[in-house]
Amino acid sequence: MTSPTDITRDPFRLVVLDMAGTTVADGGLVEQAFSAAAQRLGVRPGSDEHARQLEHVRATMGESKISVFRHLFAGEGGEDGEDKAQRANTAFEEAYGELVDAGRIAPVPGAREAVERLASEGRTVVLTTGFARPTQDAILAALGWQDLVPLTLCPADAGGRGRPFPDMVLAAFLRTGAVDDVRRTAVAGDTSYDMLSGVRSGAGIVAGVLTGAHDKDRLTRHGATHVLGSVAELPDLIARAEAAGPPDPAARAEVAGLPAAPARAEA
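These numbers were taken from a predicted model, which means no experiment stands behind them.

Trainee: What's the story with the packing of helix 6 (residues 111-120) against helix 11 (residues 234-244) in this structure? I'm lost.
Mentor: A pair of packed helices is characterised by two quantities: the angle between their axes and the separation of those axes. Contact geometry for helix 6 and helix 11: axes closest at 9 Å, N-to-C directions at 35°. Contact residues: helix 6 offers Ala 114, Arg 117 and Leu 118, while helix 11 offers Leu 234, Pro 235, Asp 236 and Ile 238. Looking at the contact of helix 6 with helix 11 residue by residue, the class counts come to 5 nonpolar, no polar and 2 charged.

What follows is the structure in C-alpha cells.
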C-alpha cells in the first residue's frame, strides 16, 4: 500500500492545459473561422489555394494564429505580406468570436471537474491558447470560466511566441512559482505542437489527449509521454506518476526523441 508520504514526495504542482480541443470542445470552429477569414481576403472555398491553406492550418493546430497566417502569406513579401497576415488574423479572430458568441463551444466532458480536482489537490492550473487575448477571454466568458484558474496565457503574454515554442509553459512556471523544478510540471494538449512545447519546456509529464486535432501516433511522435482519452483522465495519471516516483531520465528522453543526459560521475 502506498503511503501519503510516498504519493506527495515529489508532486506535480503546476499543470498547464491547452484550451480548444483539450479542455474546450469547439467542434471544428477553427477550420470554420479560417474559411470565413480566407474568404474575406478573396480565397474562394473549394479552390486549390483554399485547400492548400487549410491543410497547413490543420498541420499547425495549436500554433499562434498570427504565426500561421504569416506563413501562409509569406509569399506576398515585405509589408504587403505582413499586412495581409494581420488582416487575415483579425478576420479569423472576429469569425471565431462570432461562433463563440453563438454558443458553438462547450467544455470537454469532465474538463471542469478535472481542473477543480487538480486545484483541490493543491496544484496550480494554467490555461493556455494560440488565440489572441480577446478571443481567449470570450471563450472563458462563454463557459463561465473567468475564475476557474488563477492564470490564463496567450502568446502575447509570453513574449509573442506561441507553440511549438516552450514560452507559454515557461511563463506559467515563472509567473506562478508553483514548482521549483520545471520537471514537476504536467502539460496536456491535443496537438503535436502542444507536445513539442511541453517537451521543449522540460515538463515531466507531456500528455496528449484524443479529443482534438491529432491522433495517438502523431502525438507520440512529437514527444507525448502519455496519451489519454481526454483531460478528464489527467488527475489520475498525475496521481499514478507521483506514486511511482520520479521517471527514469533515459526512458523519458527516449519517449521524447531526445538524447539522454550523461550519467553523473561518482564523487
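Trainee: Is there a simple way to think about helix 4 (residues 65-72) in this case?
Mentor: Buried residues of helix 4: Lys 65, Ile 66, Val 68, Phe 69 and Leu 72, and no others. Projected down its long axis, helix 4 shows its buried positions confined to an angular sector of 155°, all on one face.

Trainee: Before we go on, may I ask you to explain empty space enclosed by the protein in this structure?
Mentor: One simple way to see leftover space: roll a probe sized like a water molecule over the atoms. Per the counting criterion, the structure on display carries 2 cavities of 30 Å³ or more. As a volume, the largest cavity reaches approximately 70 Å³. Residue lining of the largest cavity: Val 16, Leu 17, Asp 18, Thr 128, Arg 163, Met 168, Val 169, Val 187, Ala 188, Asp 194 and Ser 197, and that is the complete set. Where the lining of the largest cavity is concerned, the elements lending two or more residues are strand 1 (14-18), helix 8 (167-176), strand 6 (185-189) and helix 9 (192-201). Top contributing element to the lining of the largest cavity by residue count: strand 1, with 3 residues. Of the residues in the lining of the largest cavity, the class split is 6 nonpolar, 2 polar and 3 charged. Lining the second largest cavity are Val 30, Phe 34, Val 57, Lys 65, Val 68, Phe 69 and Phe 92. Broken down by secondary-structure element, the contributors of at least two residues to the lining of the second largest cavity are helix 2 (29-40) and helix 4. By residue number, the principal contributor to the lining of the second largest cavity is helix 4, which donates 3 residues. For the lining of the second largest cavity, a count of residues per class yields 6 nonpolar, no polar and 1 charged.

Trainee: How should the packing of aromatic side chains be read in this particular structure?
Mentor: Given two aromatic rings, their pairing is described by the distance between the two centres and the angle made by the two planes. Taken as a whole and judged by the stated rule, the model has 5 aromatic pairs. Taking the centre distance of 6.1 Å and the plane angle of 25° together, the rings of Phe 92 and Phe 131 count as stacked. In this pair, Phe 92 is assigned in helix 5 (residues 78-101) and Phe 131 in the loop between strand 4 (124-128) and helix 7 (133-143), connecting sequence segments 39 residues apart. Each member of the pair, Phe 92 as well as Phe 131, is classed as buried. The rings of Phe 34, Phe 69, Phe 92, Tyr 96 and Phe 131 are connected pair by pair, giving a single aromatic cluster. Between Arg 161 and the ring centre of Phe 165, over which it is positioned, the NZ or CZ distance is 3.9 Å. Over the ring of Phe 12 we find Arg 184; its NZ or CZ atom is 3.9 Å from the centre of that ring.

Cut-offs applied
Residues numbered from 1 in each chain as written. Predicted model: local features only at pLDDT ≥ 70, side-chain atom pairs only at ≥ 80, totals over all residues. Heavy atoms only, no water. Axes fitted to C-alpha atoms, helices over the stretch in contact; angles between N-to-C directions. Helix = DSSP H or I, 4+ residues; strand = E, 2+ residues; numbered from the N terminus. Contact = heavy atoms within 4.5 Å. Nonpolar A, V, L, I, M, F, W, Y, C, P; charged D, E, K, R; others polar. Buried < 20%, exposed > 50% of the residue type's maximum accessible area, 1.4 Å probe, protein only. Arc of directions from axis to C-beta. 1 Å grid on protein atoms, 1.4 Å probe; cavity = no way out; pocket = protein on both sides within 12 Å on 5 of 7 lines; lining within 4 Å. Points joined across faces, edges and corners; volume = space filled by probe spheres on them. Phe/Tyr/Trp six-rings, centres within 6.5 Å; stacked < 30°, edge-to-face > 60°. Lys NZ or Arg CZ within 6 Å of the ring centre and 35° of its normal.

Treat this as a map of the structure, not an account of what it does.
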